[in-house]
Amino acid sequence: MASNSCKSKIISNVLSCLNYKTGKFIIAESKRVGTLYRVIQLSIIGYLVGYVFLSKKSYQAKEESIQSAVITKLKGVAVTNTAESGQMVWEPVDYVIPPQGEAVFFIVTNFIETPNQKLGNCAESPDVPDGHCKGDKDCAKGESVKAGHGFRTGRCLRDNGKSSGTCEIYSWCPIESYHQSQDGHKRMSILREAENFTIFIKNFIRFPKFSFSKANVQDTADKYHLKKCHYDELLEPYCPIFRLGDIVYQTGHSFQDMVLRGGSIGILIKWKCDLDRDHSECKPRYNFTRIDINGSRESTGFNFRHARYYKNESGEVYRTQFKVYGIRINIMVHGKAGKFCIIPTVINIGSGLACIGGGTWLCDWILLYLMKKREFYKDWKFENVKKKDRNLSDITEQYNGSKEDTKQTPEEQLVTDVSTVL
Amino acid sequence: MASNSCKSKIISNVLSCLNYKTGKFIIAESKRVGTLYRVIQLSIIGYLVGYVFLSKKSYQAKEESIQSAVITKLKGVAVTNTAESGQMVWEPVDYVIPPQGEAVFFIVTNFIETPNQKLGNCAESPDVPDGHCKGDKDCAKGESVKAGHGFRTGRCLRDNGKSSGTCEIYSWCPIESYHQSQDGHKRMSILREAENFTIFIKNFIRFPKFSFSKANVQDTADKYHLKKCHYDELLEPYCPIFRLGDIVYQTGHSFQDMVLRGGSIGILIKWKCDLDRDHSECKPRYNFTRIDINGSRESTGFNFRHARYYKNESGEVYRTQFKVYGIRINIMVHGKAGKFCIIPTVINIGSGLACIGGGTWLCDWILLYLMKKREFYKDWKFENVKKKDRNLSDITEQYNGSKEDTKQTPEEQLVTDVSTVL
Amino acid sequence: MASNSCKSKIISNVLSCLNYKTGKFIIAESKRVGTLYRVIQLSIIGYLVGYVFLSKKSYQAKEESIQSAVITKLKGVAVTNTAESGQMVWEPVDYVIPPQGEAVFFIVTNFIETPNQKLGNCAESPDVPDGHCKGDKDCAKGESVKAGHGFRTGRCLRDNGKSSGTCEIYSWCPIESYHQSQDGHKRMSILREAENFTIFIKNFIRFPKFSFSKANVQDTADKYHLKKCHYDELLEPYCPIFRLGDIVYQTGHSFQDMVLRGGSIGILIKWKCDLDRDHSECKPRYNFTRIDINGSRESTGFNFRHARYYKNESGEVYRTQFKVYGIRINIMVHGKAGKFCIIPTVINIGSGLACIGGGTWLCDWILLYLMKKREFYKDWKFENVKKKDRNLSDITEQYNGSKEDTKQTPEEQLVTDVSTVL
C-alpha cells in the first residue's frame, strides 16, 4: 500500500511537472510606460533583425585566419644604356629579385652600377659624413665609421694642394659614388619600359574552419581571355594580370618619381566570402596602397645593393655592385568568410531577448519610482506574503465575525492560523 | 526625532531590499503547452551542454592568430647529364632556391640550360607568337613585343631560301629555345633522385593570447630517432622529416609529371590545441595539397628563370640562363588554441537561459492565443490594476453589503469577480 | 454598425497593446534567500562592469588578423682574415642574405669557405658516416649515401699504408671539410664586428576591419633623431633601429656562442591598439626570443650553404662554396585592435542579465525546495488555475451563502481558502 501511494505520488509529481507554469502579470494602464516598453521592445527586435542579422550577418560563424599561397610571374623587357656597361637588356630574370615568383618581390627600375670592385685601399667616399680628414690623425687605424664602407688604414688622402680629403680605407674599391645618384647622370639608367611590365598574380586561399578553397584564377573555359586581359577596376576587376604603371597610378603616386627613387607598394587581395551563397560569388577584390609613406611625409624611396662576383685569371675576386632602386611589391592577402552557425545565432537572439528583459526592468523602475501612482502600482505588483495574509484574515474575520463572537481576538487567531496552516 | 524616523526609514528600506522578490506564477494545467515548454527547455539545455560545451568547447576563449617561424633544411644529391654542361652534381646548395631555409622554397627537378649568352643581335625565338616576319617591314625598330626577349633592330632574319623568319632583336643571345622544352631532349636533365630528397621542417609557434609556445620537434630524449625517421601519416605522424616523393604522393598527383613540368605544393601544419589539457597533447598535424591546380583543370606547371653571370678576360659579361622546373613548397601554418575563459562561458549560458525565456514567450502565446480556453487563461494571467482596484472595493462593498440586498445578480457578480480578482 | 464595432475593437486592441504588463511578484521575507539573490545580482553586475567592460574591454569589436609589411635595412662593416681568401671586407651586400630587405633574413657571422670546387672525382669527406670503406666492394658504383656529397665511382681511396679510407665520389671537389668547423681554425673567420651591426625595421600595419593604418616610424618632426637613436627597452622603446648585440642580449643568450654556431631569433612586433583612444597611443612593442631552442635543450645552431659560380678561360665552371653560420632574424608582427561596437556590448549585457535571471532560478529553487517554509512559499508563488477557479466559486457561494449556515467549520474553510485563493 505504501508502495502504491509512493507510485501515485511519483506519477502526480511527474504530471505536475508537465503543468505549464507561467508568470502572472498585472496590467498597469499607464500608456506612457507601455509605449516606452513597446519602443524598447521594437527597437531591440529591429536592431536584432536589421542590424545584427541582415546587415552584419551575425548569424554566421566568421573565419578571418586565411591560408594563402601566392605565385607571381612578371613579363616585359627593358633596355638601358650606361657609361659603365653600355646597352643592356633587362628581362624578368634580371630585374625581378628574387626571381622565383614570391609574394614579396622587387622590380629594378633604376640602378647605379659600380663595376670591377676589388678588395684594397682607396679613399672613402666624400658622401660619408665622418669620412673627411685634414691629416692622418683624423683617421684612427682599424676603425670603421657609421655608414662607412670599410676600415681605416690610418692615412688621410688629399688631392694635390687641397687642405682636406677623406680617410683611406680598406674596402671594395673603387667606392660607390653617392654623388652619381644625385645628378642627372643616373636618369640614364632608368628602365623606362617598366610601366608596361605585367605582373601575373596567382593566389590560392583556404578557409580552414570551413574547408573551403579557391583561387583567384577563375575556372572559366575562357583560358585564352586570361592570357590577354589586363586588370581594370571597372572593366576587368577579376583579371589577375596587372600593369605596373596601372598599379602605381592606383596608389595615387607619380610613376616617374617612384621609378627614380623607388618605393614600396602593397597589393591587398581581399576575399570577403558569404559561404551561405553560391561559392562562385566568392571573388577577390584588389587594392593598391603605397606603404612606405607615413601620413603626408615624403618617402625616401626604396633601394638596396646587390653584387655579382667574378674571378680573374689569377683567381682574384672582383665584383660589380649594383645599387638598385625600384618598386617593392608586397602582396598581402586578407580573407573573411562567414557561414551560418547555430551558436552565434543563439547568442545574438538570446542576448537580444535578455535585453528586452532589461527593458522590463527599466520600465518597472519608472513605474514604481517615477510615476505619480507609484505606491499604488507597488502594492499591486508586489504581494507581501505576510501582508496579504493579514488581509485575508480580515476577510475571514468578516466571514466568521459576521455570525458570532469568537474567543480569540482576531489578531491572535491570525497568528496561529498563518504560522501553522501555511 | 525626525532623524530617528529617518534612520529607521533607511533601515527598513535596506531590510526590505533584502527581501526576496520572486515572480508569481499561475499553473495552467495544460499538459500540451507544459510538455512543449519542457521540450524547449530540455533541448536548449541539451544544446548548451552537449553541442556548445562538450562538442564545440565554447567555454574556451579561442586564439586563431598564430605566430609562426619555419626553418627548412634539405638533404639529398642528384646527378644530371646534359649536352650543354656534361655530368653535373646537384647538392641542396644548387637545387634549393633560395638556399637559406625559408618557409617558401623551390626545388629544381628539371631545367633547360642556355649557356654563354651575350648581349648582342640575334634572331628572335620562333616560339614567340609575334616574332615572325616576312620582311623588314614586319620588324619595327626599337619595339619589344609581348613575351619577346628583346628589342627589334628592324631586320627580318630568314634562313636561306625560306619565305618567312623571325625579327632580329638586341637581347641576350642565343635565345633560349622553347622547342627544347617540348621535345624528349629535356628529359635528359631531370633530377631523378629528387624523389628521395628529404625536407626537415622546424616549426616554432606561439599563441600570443595565451603566451604558449611550442615547436614541432619534440623535446624527447630520442634525438637519435629524429635524425633517422621519415614522416608517415600512420606510423610516424610527428616526425618532421619528409621525403619529397611521399609529399607528392600524398597530394594524389603523379611525381613523374610534377618533376617534369613543376608544380606548387602546400604543406599545411595544423596546430589544434586544447590548452586546458596537458600541453604535450598539443601536436601538429601535416597535410599536403597541390595548390596550383584549380578544380579539375590541368596545371601548367611551375617554372622560372635564373642566371649566373660571368666575365671573360676582356671584361665582357656573359651568362648562363637556367629555366628551372620544379616543386615549389609553401609551408603554411594554421593554429587554433582554446583555453577556459569565463566570458564566453557566461555569454553562452546567459544566451541559452534567455532563449529558454524566449520559449516561455512562445508557450504563453500558444496558451493565450491558440488554446480553446485562451480567454480563461488570459484572465488568470493578467490582472488589470484599475479594474481590480475598482472591484476590490466592490467586494468590500459586498462584504459590508452582504447583510443587505445587492442589486447585482449573483451571476453578474461572478463574472466581474472572475475577470478581475483572479 | 458592424464596421463601427470592428473599428472600436481594433482601437481597443491597439490601446490595450500599449498597456504596460509587468510581472506580479511576491515578497518572500526570507532575508537569507534575499541576501543570496542580491549577492548573485551584485557579483554579476560587478563581473560585467569590472571584468568584462573595464578590464577586458569586451564592449569592443576585436580585430586580430593584421596586414603587415616589413622592410629592413642593415648597416655596419666587418673584416675577416682567412687562409683561403685573405683579408675580406663584409658590407651588408655581403652578409645579408637575401639582400633585398625582407622580414626574414640571415646575417652571416661565421663561415667556412671552400674555394675552387670543380666537378670531378675525389675522396668523400671522412665526416660522412657511411663514407668509410676498406675496399672497393664497400663502394657500390652510382650510389649516393645519406648526407653524402656525390655519387660513388666504385673505388675506395686509402692513403698509403692505411687499412681504411673513404669511397671515391663524383662531386664538387674538393669536398668541404667538416673537421674545419670543429677545430679552433674556424674562429678565424668570425665577423667580430657583427655585434654593432644595426637593423632598421620599418613596419607598416593595417587593421582591415577598422580601416586603420599605421607605421612604426613615427610622424614626428624629429627625423634627425630617428637616424641617430638605438632601441632601448626603457629609454627608447619606439626607436626602430636595433643593435644586433642588444637583440641577442635581450634573448638571454650568449652572443659569442650565437656568432660561432648560428641561431634563429624572432623579433615580435606587438601592436595592441585601443582605437577608442587617440590613435597616437597605438604604438608597437618589441620582443625578442630565440626560436631555435625548444625548452631547455641545446640548439644545434643555424647554418646553410651557398655558392658563387665562376668560369675559367676554357669555359669550365668552378665555384666557391660558403657554409655560413649566422643569425636568422624572423620578424613576426602581431596586432590586436579594439573599437567600440554595439553587438558585443549587447551580447555581454544581455547574457549578463540572463545570468541574473538564472540567479532567480537558483533562489527560487532554494526557496521552494530547501527552506523550512517551502510549502508555504510554494502555495504563494504558484496559483493553480483550476483550483482557484473552483475556490472562487466557493467564495462566491459563501458570499451568497453567508446569509445561511455553512456546513464547513471556519477552520476547514480557512484551509481551503488560504491554500488556494492566494
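Residues numbered from 1 in each chain as written. Chains lettered and ligands numbered in written order. Predicted model: local features only at pLDDT ≥ 70, side-chain atom pairs only at ≥ 80, totals over all residues.

### Some thoughts on the overall build of chain A
In terms of helices and strands, chain A carries ten helices and 19 strands. Scored against the burial criterion, the 422 residues of chain A give a buried share of 39%. (Helix = DSSP H or I, 4+ residues; strand = E, 2+ residues; numbered from the N terminus. Buried ≥ 20, exposed ≤ 12 C-beta atoms within 10 Å, placed from the backbone.)

### Some points on the relation of the copies chain C and chain B
You can overlay chain C on chain B at an RMSD of 0.1 Å; the transform is a turn of 120° with a shift of 0.0 Å along its axis. The superposition of one copy onto the other is thereby described by a three-fold rotation axis. (Least-squares fit on C-alpha atoms with pLDDT ≥ 70 in both.)

### Overview of the interface of chain A and chain C
Taken together, the 82 residues of chain A in the interface contact 60 residues of chain C. Among the elements that make up the side of chain A that touches chain C, the one with the highest residue count is helix 7 (residues 342-369) of chain A (13 residues). A class-by-class count of the residues in the side of chain A that touches chain C yields 34 nonpolar, 30 polar and 18 charged. Bridge analysis of strand 19 (residues 382-384) of chain A against strand 2 (residues 25-28) of chain C gives three bridges, and the strand direction is parallel. Paired with A:F382 across the two strands is C:F25, which belongs to strand 2 of chain C. (Contact = placed C-beta atoms within 7 Å. Nonpolar A, V, L, I, M, F, W, Y, C, P; charged D, E, K, R; others polar. Pairing = 2+ DSSP bridges.)

### Considerations on the UniProt feature "transmembrane region" (unreviewed entry) in chain A
The positions UniProt marks with the feature "transmembrane region" (unreviewed entry) are residues 349-371 of chain A. Split by type, residues 349-371 of chain A is 91% helix and 0% strand. Its first and last C-alpha atoms lie 32 Å apart. (UniProt positions renumbered as here; feature names shortened; annotations may be inferred.)

### A word on the sheet that holds strand 2 (residues 25-28) of chain B
The sheet built from three strands is open, its strands ordered 1(A)-2(B)-19(C) with mixed pairing. The open sheet has two edge strands, strand 1 (20-23) of chain A together with strand 19 (382-384) of chain C, and neither has a second partner. On average, each strand axis in the sheet is tilted by 30° relative to the strand beside it, whichever way the strands run. Alignment of strand 1 of chain A against strand 2 of chain B, held across four bridges, turns out to be antiparallel. Paired with A:G23 across the bridge in strand 2 of chain B is B:F25. (Axes fitted to C-alpha atoms, helices over the stretch in contact; angles between N-to-C directions.)

### Considerations on the sheet that holds strand 19 of chain A
Backbone hydrogen bonds hold the strands of a sheet together, and the pairing may be parallel or antiparallel. Taken in spatial order, the three strands make up an open sheet running 19(A)-2(C)-1(B), and their pairing is mixed. Of all strands in the sheet, those bounded by a partner on one side alone are strand 19 of chain A together with strand 1 (20-23) of chain B. Neighbour-to-neighbour, the strand axes of this sheet turn through a mean angle of 35°, independent of strand direction.

### Here's the deal with helix 8 (residues 374-381) of chain A
Listing the buried residues of helix 8 of chain A in full gives A:Y377, A:W380 and A:K381. Down the axis of helix 8 of chain A, the smallest arc covering the buried residues is 95°, so these residues share one side. (Arc of directions from axis to C-beta.)

### What about the interface of chain C and chain B?
Listed by partner, the interface residues are 79 residues for chain C and 58 residues for chain B. Ranked by residues supplied to the side of chain C that touches chain B, first place goes to helix 7 (residues 342-369) of chain C with 13 residues. Here the residues of the side of chain C that touches chain B are counted per class, giving 32 nonpolar, 30 polar and 17 charged.

### Concerning the UniProt feature "binding site: ATP" (unreviewed entry) in chain A
What UniProt calls "binding site: ATP" (unreviewed entry) maps, in this numbering, to A:K73, A:L74, A:K75, A:T198, A:N303, A:F304, A:R305 and A:K323. Spanning 251 residues, the annotated positions stay apart in the fold, the maximum distance between their C-alpha atoms being 24.0 Å. Its place among the elements puts A:K73 in strand 4 (residues 67-75). Exposure remark for A:K73: the 16 C-beta atoms within 10 Å place this residue in the partly exposed category. Setting aside anything within four residues of it in sequence, one finds A:K73 in contact with A:G101 and A:F200. Looking at the secondary structure, you find A:F304 in strand 17 (residues 303-311). Those residues in contact with A:F304 that lie beyond four places of it in its chain are A:V324, C:P99, C:Q100 and C:G101.

### Some remarks on the packing of helix 7 of chain A against helix 8 of chain A
Residues and elements named next belong to chain A. Relative to each other, helix 7 and helix 8 sit at 125°, their axes nearing to 6 Å. Between helix 7 and helix 8, the crossing angle belongs to the class labelled oblique. Counted together, L367, L368 and Y369 of helix 7 and R374, Y377, K378 and K381 of helix 8 form the full contact between these two elements. For the contact of helix 7 with helix 8, the residue count by class is four nonpolar, no polar and three charged. (Parallel < 35°, antiparallel > 145°, perpendicular 65-115°, else oblique.)

### A few points about the pairing of strand 8 (residues 104-123) of chain C
Residues and elements named next belong to chain C. Note that strand 7 (residues 96-97) and strand 8 share two bridges and pair antiparallel. Across the sheet, residue V96 finds its bridge partner in strand 8, namely I107. Adjacent in sequence and paired antiparallel, strand 7 and strand 8 are bridged by six residues, among which G101 carries a positive phi angle near 80°. For strand 8 and strand 18 (residues 317-340), the ladder comprises eleven bridges, and the chain directions are antiparallel. Bridging from a neighbouring strand, V108 pairs with G326 of strand 18. Alignment of strand 8 against strand 11 (residues 165-173), held across six bridges, turns out to be antiparallel. By the bridge assignment, G120 is partnered in strand 11 with S171.

### What to know about the nonpolar core
Within the largest apolar cluster, 198 residues are counted, with the highest numbers of intra-cluster contacts made by A:I107, A:I331, B:I107, B:I331, C:I107 and C:I331. Those residues in contact with C:I331 that lie beyond four places of it in its chain are C:V70, C:A103, C:I201, C:I267 and C:I269. Counting 30 residues, the second-largest nonpolar core is a separate cluster that includes A:I44, A:V346, C:V52 and C:L353. (Core = buried A, V, L, I, M, F, W, Y, C linked by C-beta atoms within 7 Å.)

### As for unusual backbone geometry
A cis geometry characterises the amide bond from B:I97 onward to B:P98, with omega recorded as -5°. One can find B:P98 in the loop between strand 7 (96-97) and strand 8 (104-123). Note that the residue after B:C173, namely B:P174, is joined by a cis bond; omega there is -5°. With respect to the helices and strands, B:P174 occurs in the loop between strand 11 (165-173) and strand 12 (198-207). Backbone geometry at C:N116 places phi at a positive 55°, although glycine is not the residue there. Within the fold, C:N116 resides in strand 8. Not every positive phi belongs to a glycine, and C:S211 is a case in point at roughly 50°. Here C:S211 shows up in the loop between strand 12 (198-207) and strand 13 (212-215). Look at C:S211 and you get exposed, because 7 C-beta atoms sit within 10 Å.

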